[in-house]
Amino acid sequence: MSSNTANQTLRTRYSAEVKDILKRYPDDQKRSAVMPLLFLSQKEGLQATVSVMSEIAQILDISITQVASIVGFYTLYYSHSGGKNRIQICTDLPCALRGADDFADKVCEKLGVKLGETTEDGEFTVESVMCLAACDKAPMFQVQNGDGITYHERQTISDVQAVIEQLGNAEIDKSPEGAE
Ligand code: FES
């Protein structure tokens, strides 16, 4: 794909949706459309790649740095490829104090990946993220996929195993170790 074609991806694939989003904002405030456009760009498993961020910057007449700073700040946006389901475990300090790092390690073990990696079948990516506003309910994670986002709080390894089995066909380690 030429970079020219890549730059047109959002507008060619979602022409009507882009127009609908832009209609919601006055011309002098169209930069506010950056978040819905980013969300749109992630439809159907796409990511907010550099070319997509560049296209959004062009559409809204802002810099790509401004778009990238939003992608970098929010866990709901991502610039790198991942699995069909993104398991995002909060490992920020309050959750870490309640065992989030150990929990994340065990989830990774179950799926046979390291943090940030995707299972071979492309079903799951496990990621460590910052605060998801459920600090007293650790261990907790959210799952992002084509159906939206679900929150899972006060989780055990058995709980996450059930979520994984419900969501995909990943080969998981079903040993009881850590399944408290
Ligand atoms: S620190 Fe984990 S949800 Fe807030």
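Everything numeric in this text was worked out from a predicted model, so none of it was measured.

(A) Region of the structure containing the overall build of the chain. Secondary structure assignment for the chain yields nine helices and four strands. Listing the helices and strands of the chain from first to last along the sequence gives α-α-α-α-α-α-β-α-α-β-β-β-α. Counting all 180 residues of the chain, 29% fall into the buried class. Restricting to contacts in the chain with at least 6 residues of sequence separation, those with at least 24 account for 56%.

(B) Representation of the packing of helix α4 (residues 34–41) against helix α5 (residues 50–60). Put simply, α4 and α5 touch, their axes get as near as 11 Å, and they point 145° apart. Handedness of the crossing formed by α4 with α5: right-handed. Facing α4, whose interface residues are Val34, Leu37, Leu38 and Ser41, α5 presents Val52, Ile56, Ile59 and Leu60. Looking at the contact of α4 with α5 residue by residue, the classes come out as seven nonpolar, one polar and no charged.

(C) Looking closely at unusual backbone geometry. The peptide bond linking Ala138 to Pro139 adopts the cis configuration, its omega dihedral lying at -5°. For Pro139, the position within the fold is in the loop between β2 (124–129) and β3 (141–145). The residue Ala133 is not glycine, and still its phi comes out positive at about 65°. A positive phi angle is found at Arg154, which is not glycine, with a value near 50°. Here Arg154 lies in the loop between β4 (148–152) and α9 (157–167).

(D) Looking closely at the confidence of the model for the chain. When pLDDT is averaged across the chain, the result is 86; 87% of the residues are at 70 or more. Ranking the helices and strands of the chain by mean pLDDT puts helix α8 (residues 100–111) first, with 96, and helix α1 (residues 3–7) last, with 43. In the model, residues 1–7 has pLDDT below 50 throughout and makes six contacts with residues more than four positions away in sequence or in other chains.

(E) Spotlight on the environment of Tyr78. One can find Tyr78 in the loop between α6 (64–73) and β1 (85–90). Sequence-wise, Tyr78 and Leu38 are 40 residues apart; in three dimensions their C-alpha atoms are separated by 9.2 Å. In contact with Tyr78, other than residues within four places in its own chain, are Gln47 and Ala48.

(F) Quick look at the sheet that holds β3. Read across the open sheet, the four strands follow the order β2-β1-β3-β4; overall the sheet is mixed. Pairing within the sheet leaves two strands with one partner each, and these edge strands are β2 and β4. Neighbour-to-neighbour, the strand axes of the sheet open up by a mean angle of 20°, direction not taken into account. As judged from the four bridges shared by β1 and β3, these two strands associate in the antiparallel manner. Each residue of the ladder has a partner; that of Gln88, found in β3, is Gln142. Strands β1 and β2 of the sheet are contacted by α8, whose axis makes an angle of about 155° with β1.

Basis of the calculations
Residues numbered from 1 in each chain as written. Predicted model: local features only at pLDDT ≥ 70, side-chain atom pairs only at ≥ 80, totals over all residues. Helix = DSSP H or I, 4+ residues; strand = E, 2+ residues; numbered from the N terminus. Buried ≥ 20, exposed ≤ 12 C-beta atoms within 10 Å, placed from the backbone. Contact = placed C-beta atoms within 7 Å. Axes fitted to C-alpha atoms, helices over the stretch in contact; angles between N-to-C directions. Left-handed = near helix turned anticlockwise from the far one by under 90°. Nonpolar A, V, L, I, M, F, W, Y, C, P; charged D, E, K, R; others polar. pLDDT = per-residue confidence, 0-100. Pairing = 2+ DSSP bridges.

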